[in-house]
Amino acid sequence: MDNLRTLEHRRFKDDVYAEFARIGQALASPKRLEMFDLLAQREWAVEDLASEMDLTIANTSQHLQVLLRTRLVEARRQGTRAYYRLAGGDVYRMWQTMRELGEARLAEVPAVVRRHLGDRPDMQVLNVTELLRRVRAGDIILLDVRPEEEYRAGHLPGARPVPLAELARSLKTLPKHRELVVYCRGPYCVFSDEAVALLHRKGFQARRLRLGFPDWQHSATS
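I will try to describe carefully the structure that is included in this document. From a predicted model like this one, the values you see are computed outputs, not experimental measurements. (Residues numbered from 1 in each chain as written. Predicted model: local features only at pLDDT ≥ 70, side-chain atom pairs only at ≥ 80, totals over all residues. Heavy atoms only, no water.)

1. Section: the overall build of the protein chain
The number of helices and strands found in the protein chain is 11 helices and seven strands. Each principal axis of the C-alpha distribution contributes one length, and for the protein chain these read about 80 × 45 × 35 Å. Taken across its 222 residues, the protein chain has 41% of its residues classed as buried. When the accessible surface of the protein chain is summed, it comes to about 12800 Å², and 52% of that surface belongs to carbon and sulfur atoms. Taking the 36 positively charged and 30 negatively charged side chains of the protein chain as two groups, their mean positions are separated by 3 Å. (Helix = DSSP H or I, 4+ residues; strand = E, 2+ residues; numbered from the N terminus. Buried < 20%, exposed > 50% of the residue type's maximum accessible area, 1.4 Å probe, protein only. Areas by Shrake-Rupley, 256 points an atom, 1.4 Å probe, with all protein chains shown as cover. Lys, Arg positive; Asp, Glu negative; His and termini not counted. Charge placed at Lys NZ, Arg CZ, Asp CG, Glu CD.)

Shown next, in the form of structure tokens:
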């Protein structure tokens, strides 16, 4: 009897941890991790996501099917097009936790950032609550430099939509006597770096916000 019970316990452990391992296997792809950042911004059609990530449609679809089978994303069809989104805030928080663990444990992560982007100036003195208080008070202007579709899907309160591609044409609408704070998709999105560099060249006071809209959204709802 004891041997049978031990065998059944072993089968249980093997089966349950095999299910958990499916999540780990789904995460074991740089491209699928990048998809989390993009799918957190808005719902994407497969074709548009493939273009954004410089992948073939077939390859993009294969990655999405892996995420769909582990219920990390959800899909819907509209006509001939398939659209994908994250399955919930818990999925994004899992990615946040994984990202933060990598930053804390892997010296290679900040080294890669420095190698490609140099020393990035961060908005570290204010948390988001204080930032939004200053936006409401009119002390600073908050700029969302993501594409327009992502701004429409959700943005920080009080943020102005100024997509990076349109920033140069929008400079005359921005005051030089007030500080500008710029944000984009998250810590590893470079839209805000490019925006701040342009603003500095044109004589504006500007800083980048390290976190993106999804970080604020899921911290506010957790």
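2. Concerning helix α3 (residues 46–53)
Inspection of α3 places V46, L49, A50 and M53 among the buried residues, and these make up the whole buried set. Viewed along the axis of α3, the buried residues span an arc of 100°, placing them on a single side of the element. Buried positions along α3 lie against α2 (30–39), β1 (44–45), α4 (57–69) and β3 (81–86). Within two residues after α3, D54 carries a phi angle of roughly 60°, on the positive side. (Arc of directions from axis to C-beta. Contact = heavy atoms within 4.5 Å.)

3. A closer look at the pairing of strand β6 (residues 179–183)
With five of five residues buried, β6 is to be regarded as a mostly interior element. Residues of β6 alternate between two faces, with E179, V181 and Y183 on one and L180 and V182 on the opposite face, all of them buried. Where strand β4 (residues 140–144) meets β6, five bridges bridge the pair, whose relative direction is parallel. Looking across to β6, one finds that L142 is bridged to V181. Where β6 and strand β7 (residues 206–208) come together, three bridges link them in parallel fashion. Each residue of the ladder has a partner; that of V181, found in β7, is R207. For the handedness criterion, the β-α-β arrangement of β6, helix α10 (residues 191–201) and β7 is classed as right-handed. (Pairing = 2+ DSSP bridges. Right-handed = clockwise from strand over helix to strand, strands pointing away.)

4. Points about unusual backbone geometry
If you check the backbone angles, D54 has positive phi at about 60° while not being a glycine. The residue D54 is located in the loop between α3 and α4 in this model. The backbone of R71 sits at a positive phi, close to 60°, despite the residue not being glycine. Checked against the element boundaries, R71 lands in the loop between α4 and β2 (73–78). Here R71 falls in the exposed class, since its relative accessible area comes to 63%.

5. Points about the sheet that holds β2
A sheet is described by the order of its strands in space; here three strands give the open sequence β1-β3-β2, paired in antiparallel fashion. Here the strands that pair on one side only, and so sit at the sheet edges, are β1 and β2. Here two bridges tie β1 to β3, and the two strands are oriented antiparallel to one another. Paired with W44 across the two strands is Y84, which belongs to β3.

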